[in-house]
Amino acid sequence: MTALGALIRRDLRIALRVGGGALIGVLFFLTVVVLMPFAIGPDLGLLARLGPAILWLGALLASLLTLDRLFTADHDDGSLDLIVMSRTPLELTCATKALAHWIAAGLPLVVATPVLGLLLNLDTSSTAAVALTLLAGTPALTFTGMIGAALAVTLHRGGLLLAVLVLPLAIPVLIFGVAASDAAITGPTAFGAPFSILCALSLVSFVVGPFAAAASLRQGLD
């Protein structure tokens, strides 16, 4: 546990330093939300109806933008080989790195959502509902995206491959995240059903993601 705690602190320092990439996702999220009102027009009612989908789409794209950095720093300095050969189970190490990445890059998106919701004419309860769904769903984006990051880290120009691999896995999270947000804001469907499925997707990704990523790393570094 001491080694895993040290790994979380190291990854957070790398992500939060200048050029680490943690703030790139938030800036991209902000850019998407700011530009959407200009593209849609001055219809405030339409903005409010599309607001949850816009916020979720921005969060998805921001997550894809930062996923390639999940294993890149370790691969560049050679520490990824040491991590693979260490006595700590690689699956647990992958889960720890994904948790650190979500804290640095995913959690700020959730924190920024109430502020950015004002730009989309969403009231306080609506932005709180969207932020809650993002809090439940963004871990699934990180832990499923970790599989693509592990596959692409050993490949030249693997960023495009990462997007191709991760996007189909992220579509169900996007669908149920938007459905839960819409249900909380406008109805008439119940909020609990899509939100429960969204939480289930995150729980499944917690289990499947580390094992699939560890297998990909072992195969790619052999």
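What you see is a predicted model; the values in this text were computed from it and never measured.

One non-glycine residue, N121, lies in the positive phi region at around 65 degrees. Within the secondary structure layout, N121 lies in the loop between α6 (90-117) and α7 (124-152). Assessed through its relative accessible area of 37%, N121 is described here as partly exposed.

The next point concerns the environment of V207. Within the secondary structure, V207 is located in helix α9 (residues 192-221). Accessibility expressed as a relative area gives 51% for V207, which makes it exposed. Sequence separation between V207 and F28 is 179 residues; the distance between their C-alpha atoms is 29 Å.

This part covers the side chain of T138. Along the chain, T138 falls in helix α7. A polar contact is formed between the side chain of T138 and the side chain of W102, at a distance of 2.9 Å. Here L134 takes part through its backbone oxygen, which lies 2.6 Å from a polar atom of the side chain of T138. Each residue touching T138, except ones within four places of it in the same chain, is listed here: W56, W102 and V110.

To continue, consider the packing of helix α3 (residues 44-67) against α6. Packing of α3 against α6 brings their axes to within 11 Å, and their N-to-C directions diverge by 155 degrees. With respect to their mutual orientation, α3 and α6 come out roughly antiparallel. In the packing of α3 onto α6, the handedness of the crossing is right-handed. For the pair α3 and α6, the contacting residues are L55, A59, A62, S63, T66 and L67 in the first and H101, A105, L109, T113, L116 and G117 in the second. Counted by class, the contact of α3 with α6 contains seven nonpolar, five polar and no charged residues.

This next bit is on the pattern of salt bridges. This structure, assessed with the given rule, holds three salt bridges. Of the charged contacts in the structure, one is a salt bridge between D11 and R10, with a shortest N-O distance of 3.2 Å. A relative accessible area of 10% means that D11 is categorised as buried. A salt bridge links K97 to D11, with the nearest nitrogen and oxygen atoms 2.9 Å apart. With K97 in helix α6 and D11 in helix α1 (residues 2-16), this residue pair connects regions lying 86 residues apart in the sequence. In the salt-bridge network here, residues are joined through shared partners; they are R10, D11 and K97.

Procedures and definitions
Residues numbered from 1 in each chain as written. Predicted model: local features only at pLDDT ≥ 70, side-chain atom pairs only at ≥ 80, totals over all residues. Heavy atoms only, no water. Helix = DSSP H or I, 4+ residues; strand = E, 2+ residues; numbered from the N terminus. Buried < 20%, exposed > 50% of the residue type's maximum accessible area, 1.4 Å probe, protein only. Polar contact = N/O pair within 3.5 Å; in protein donor to acceptor, adjacent residues only side chain to side chain. Contact = heavy atoms within 4.5 Å. Axes fitted to C-alpha atoms, helices over the stretch in contact; angles between N-to-C directions. Parallel < 35°, antiparallel > 145°, perpendicular 65-115°, else oblique. Left-handed = near helix turned anticlockwise from the far one by under 90°. Nonpolar A, V, L, I, M, F, W, Y, C, P; charged D, E, K, R; others polar. Salt bridge = Lys/Arg side-chain N within 4 Å of Asp/Glu carboxyl O.

Function cannot be inferred from these measures alone, as they are strictly geometric.
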